[in-house]
Amino acid sequence: MHESYNLIRPEDVGRNVPPRYNIAPTQDVLFVANDQSDRRLLEGRWWLVPFWAKEIPKWTLFNARNEDAYKKPAFREAFKSRRCLIPASGFFEWTKAEDGGKDPHYIYLPDHQPFAFAGLWATNDKLEITSCTILTAPAVAEIEHLHHRMPIILNSDQYEHWLDVDTGVDKARELLKHSRGTELVSHRVSRAVNNSRASGAELIEALS
């Protein structure tokens, strides 16, 4: 992982954290960003808090639509110069079941390859909060039966350009058009994942 994101600071290279199998919005996540002219591994709230916000936003900001994030007040400044990579190896979507409940599906790349979501981040000094959000796009045919939107998974050869603060908005928007969405596969998993307090590798195991 350190090599994938070119992390060379001793405090980043020396860091090793246990896997997490059920991360929910508002929880803290790790992300990679160029900050203070340096590549850093940062930690922040998964639900963007814009730098200008006077309180924690109540509207949904854990995802940002790639179609208009570059011009939305909540995301505009971050899209210009505070883009990030959010490491993951899978994510969940839900479908409605006949019994009225929600069935979770685990979505991932073949062989469970680790990947990175395209994200944006912000620091709000007044509230003392660092935060991030995941950019989304219309779902590809492979997973649109599960949800009409999907997080954008960048190709590794796009990482440098995406993080580079000198990459302009138009170029950054172009990078988002080339995701790994068509490679995704999925399987049903236990409804235990519907409880945000649940944890453990069994949450991503396929139902028999």
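Residues numbered from 1 in each chain as written. Predicted model: local features only at pLDDT ≥ 70, side-chain atom pairs only at ≥ 80, totals over all residues. Heavy atoms only, no water.

(A) Looking closely at the overall build of the protein chain. When helices and strands are tallied, the protein chain shows four helices and 10 strands. Here the C-alpha radius of gyration of the protein chain, 17 Å, is about what a compact globule of 208 residues would show, namely 17 Å. Each of the three principal axes of the protein chain carries a C-alpha extent, and together these read 50 × 35 × 30 Å. Across the 208 residues in the protein chain, those meeting the buried criterion constitute 47%. If you take every contact in the protein chain between residues at least 6 apart in sequence, the share linking residues at least 24 apart comes to 65%. For the protein chain, the computed accessible surface area is about 11,300 Å², with 49% contributed by carbon and sulfur atoms. (Helix = DSSP H or I, 4+ residues; strand = E, 2+ residues; numbered from the N terminus. Rg over C-alpha atoms; globule rule 2.2 N^0.38 Å. Buried < 20%, exposed > 50% of the residue type's maximum accessible area, 1.4 Å probe, protein only. Contact = heavy atoms within 4.5 Å. Areas by Shrake-Rupley, 256 points an atom, 1.4 Å probe, with all protein chains shown as cover.)

(B) Representation of the layout of surface pockets. Considering only enclosed or pocket space, the largest pocket measures out at about 1,600 Å³ in volume. Of the residues assigned to the lining of the largest pocket, the class counts are 30 nonpolar, 11 polar and eight charged. If you add up the space inside the second largest pocket, you get close to 160 Å³. In terms of lining residues, the second largest pocket is bounded by 15 residues, among which Phe51, Glu77, Ala78, Trp121 and Ala122 are the most central. Of all elements in the fold, only α2 (76-81) and β7 (115-124) reach the threshold of two or more residues within the lining of the second largest pocket. Counting residues per element, the lining of the second largest pocket draws most heavily on α2, at four residues. For the lining of the second largest pocket, the residue count by class is 10 nonpolar, two polar and three charged. (1 Å grid on protein atoms, 1.4 Å probe; cavity = no way out; pocket = protein on both sides within 12 Å on 5 of 7 lines; lining within 4 Å. Points joined across faces, edges and corners; volume = space filled by probe spheres on them. Nonpolar A, V, L, I, M, F, W, Y, C, P; charged D, E, K, R; others polar.)

(C) Representation of the pairing of strand β8 (residues 129-138) in the model. For β8, the buried fraction is high: eight of the 10 residues fall into the buried class. Looking at chain direction, strand β2 (residues 38-46) and β8 are connected through two bridges and run parallel. From the neighbouring strand, Arg45 faces β8, where its bridge partner is Ser131. Pairing geometry for strand β3 (residues 63-65) and β8, over three bridges, is parallel. (Pairing = 2+ DSSP bridges.)

(D) Region of the structure containing the packing of aromatic side chains. One pass over the full model with this rule turns up 11 aromatic pairs. Ring pairs connect the aromatic residues Phe92, Trp94, Tyr106 and Tyr108, which therefore count as one cluster. A cation over an aromatic ring shows up here: Arg82 above the ring of Trp121, its NZ or CZ 4.0 Å from the ring centre. Above the ring of Trp162, the side-chain terminus of Arg83 is found at 5.5 Å from the ring centroid. (Phe/Tyr/Trp six-rings, centres within 6.5 Å; stacked < 30°, edge-to-face > 60°. Lys NZ or Arg CZ within 6 Å of the ring centre and 35° of its normal.)

(E) Inspection of a nonpolar patch on the surface at higher detail. Taken together, the side chains of Phe51, Trp52 and Trp59 make up a nonpolar region of the molecular surface, amounting to roughly 370 Å² of accessible area. Among the secondary structure elements, Trp59 is positioned in the loop between β2 and β3. (Patch = residues over 30% accessible without salt bridge, like charges linked within 9 Å, V, L, I, M, F, W, Y side chains within 5 Å. Salt bridge = Lys/Arg side-chain N within 4 Å of Asp/Glu carboxyl O.)

(F) Highlighting the side chain of Thr133. The residue Thr133 is located in strand β8 in this model. Classification of Thr133 as buried rests on a relative accessible area of 0%. At 3.0 Å, the side chain of Thr133 forms a polar contact with the backbone oxygen of Leu61. A polar side-chain atom of Thr133 sits 3.2 Å from the main-chain amide nitrogen of Asn63. Excluding residues that lie within four positions of it along the chain, Thr133 makes contacts with Trp46, Leu48, Leu61, Phe62, Asn63, Ala64, Phe75, Ile86, Ala118, Gly119 and Leu120. (Polar contact = N/O pair within 3.5 Å; in protein donor to acceptor, adjacent residues only side chain to side chain.)

(G) Region of the structure containing the pattern of salt bridges. Overall, the coordinates contain 14 salt bridges when judged by the stated rule. The partner of Lys58 in a salt bridge is Glu55, and the shortest N-O contact between them spans 4.0 Å. The same class applies to Lys58 as to Glu55, namely exposed. A salt bridge links Asp68 to Arg65; its shortest N-O distance comes to 3.9 Å. Since its relative accessible area comes to 42%, Arg65 is described here as partly exposed.

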